[in-house]
Amino acid sequence: SVYDEKGKERPYVFYIPSTMKTSGNSMLVFIPGGEKPEDFFRRNHWDLVLEKYAITTYFVSALEGWDQENPGLEMDMATRVMEEMRSMEYFPCNAPGVYCMGFGDGARMAAVFSVLHVSVLAAWAAYGDTQLDESLLDWLGTAPSDCDGGIMRGQVPLPSFIIDDGESNVVRFFKKACRTK
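All of the points below concern the structure found in this document. (Residues numbered from 1 in each chain as written. Predicted model: local features only at pLDDT ≥ 70, side-chain atom pairs only at ≥ 80, totals over all residues. Heavy atoms only, no water.)

### Section: the side chain of Ser145
Alright, step 1. Its location among the elements puts Ser145 in the loop between helix 5 (134–142) and strand 8 (160–163).
Alright, step 2. Here Ser145 is in contact with Ser119, Ile151, Met152, Arg153 and Val156, once residues within four sequence places are set aside. (Helix = DSSP H or I, 4+ residues; strand = E, 2+ residues; numbered from the N terminus. Contact = heavy atoms within 4.5 Å.)

Encoded structure:
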């Protein structure tokens, strides 16, 4: 578990496939709020996919639901998990092989995380509502990227797979960054 800024415990499941070499691809999955990470992991048979593709994965949760009004609080917690991913002595993640996913209301958290860390992710995916506050997305898009201060986050292309109920502003954001229609 990690603890958020308010001292609430945030449990997560950390899965290392038996097919994993000493380092490789890693993924951070924002599960639907209110679910226990171990239940989400087992019910959806993630072990089968992760064994097949040898991806070390963290399933992070918000047992009381994701704080949609203050995503910064959620990102602090997620960033601590990513720092742990990178600092492991055994099975550290490869820098160019970090992925992010989000499901349900965790899709919005994955969207924020992906915009924040656009230069260090290999790709991201979401299944759920990814719509963000327009002023937050504008601010994030014009902030310097996390790897090259001369490039804005909104200019960094990131492979994205988004299943959303409509044309969210995050979809438009990544289409523009990836120069696609």
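### Quick look at a negative patch on the surface
Alright, step 1. On the surface, Glu69, Asp133, Glu134 and Asp138 cluster together to form a negatively charged patch.
Alright, step 2. As for its position among the elements, Glu134 is in helix 5. (Patch = residues over 30% accessible without salt bridge, like charges linked within 9 Å, V, L, I, M, F, W, Y side chains within 5 Å. Areas by Shrake-Rupley, 256 points an atom, 1.4 Å probe, with all protein chains shown as cover. Salt bridge = Lys/Arg side-chain N within 4 Å of Asp/Glu carboxyl O. Lys, Arg positive; Asp, Glu negative; His and termini not counted. Charge placed at Lys NZ, Arg CZ, Asp CG, Glu CD.)

### Details of the pattern of salt bridges
Alright, step 1. Enumeration over the complete set of coordinates arrives at two salt bridges.
Alright, step 2. Between Asp129 and Arg108 there is a salt bridge whose closest N-O contact spans 2.4 Å. On the criterion of sequence distance, the pair formed by Asp129 in the loop between strand 7 (123–127) and helix 5 and Arg108 in helix 4 (residues 106–116) is long-range, its members being 21 residues apart.
Alright, step 3. Judged by relative accessible area, which is 36%, Asp129 ranks as partly exposed. (Buried < 20%, exposed > 50% of the residue type's maximum accessible area, 1.4 Å probe, protein only.)

### Remarks on unusual backbone geometry
Alright, step 1. Even without glycine at this site, Ala54 takes up a positive phi of about 55°.
Alright, step 2. Residue placement: Ala54 occurs in the loop between helix 2 (46–53) and strand 5 (56–60).

### Some details on the environment of Arg42
Alright, step 1. One can find Arg42 in helix 1 (residues 37–43).
Alright, step 2. Assessed through its relative accessible area of 59%, Arg42 is described here as exposed.
Alright, step 3. Each C-alpha atom of the pair Arg42 and Gly7 lies 27 Å from the other, and the pair is 35 residues apart in sequence.

### Points about the nonpolar core
Alright, step 1. In terms of nonpolar packing, the biggest core is built from 36 residues, with Leu28, Phe30, Val81, Phe113, Trp124 and Phe174 touching the most fellow members.
Alright, step 2. Going through the elements one at a time, strand 4 (24–30), strand 5, helix 3 (71–87), strand 6 (93–103), helix 4, strand 7, helix 5 and helix 6 (169–177) are the ones with two or more residues in this core.
Alright, step 3. The element contributing the most residues to this core is helix 4, with eight residues. (Core = buried A, V, L, I, M, F, W, Y, C linked by side-chain atoms within 4.5 Å.)

### A word on the packing of aromatic side chains
Alright, step 1. Per the counting criterion, the structure on display carries 13 aromatic pairs.
Alright, step 2. Centroid distance Trp46 to Phe59: 5.2 Å. Interplanar angle 70°. Geometry classified as edge-to-face. You can see Trp46 sitting in helix 2 and its partner Phe59 sitting in strand 5, a full 13 residues away along the chain. For the pair Trp46 and Phe59, one class covers both residues: buried.
Alright, step 3. An aromatic cluster is built from Tyr15, Phe40, Phe41, Trp46, Phe59 and Phe103, whose rings are joined through pairwise contacts. (Phe/Tyr/Trp six-rings, centres within 6.5 Å; stacked < 30°, edge-to-face > 60°.)

### Overview of the pairing of strand 8
Alright, step 1. Two strands pair when backbone bridges link them, and strand 7 and strand 8 are joined in this way by four bridges, in the parallel orientation. Residue pairing for strand 8: Trp124 is matched across the bridge by Ser160.
Alright, step 2. Note on the crossover from strand 7 through helix 5 to strand 8: the handedness is right-handed. (Pairing = 2+ DSSP bridges. Right-handed = clockwise from strand over helix to strand, strands pointing away.)

### Brief notes about the state of the cysteines
Alright, step 1. As enumerated under the stated definition, the model contains zero disulfides in all.
Alright, step 2. Distance from the sulfur of Cys178, which forms no disulfide, to the nearest cysteine sulfur (Cys100) is 15 Å. (Disulfide = S-S within 2.5 Å.)

### A word on the side chain of Ser114
Alright, step 1. By the element assignment, Ser114 lies in helix 4.
Alright, step 2. The buried category is assigned to Ser114, whose relative accessible area is 0%.
Alright, step 3. A polar side-chain atom of Ser114 sits 2.8 Å from the main-chain carbonyl oxygen of Ala110.
Alright, step 4. Non-local contacts of Ser114, meaning those with residues more than four positions away in its chain, are made with Cys100, Leu121, Trp124, Leu158 and Phe174. (Polar contact = N/O pair within 3.5 Å; in protein donor to acceptor, adjacent residues only side chain to side chain.)

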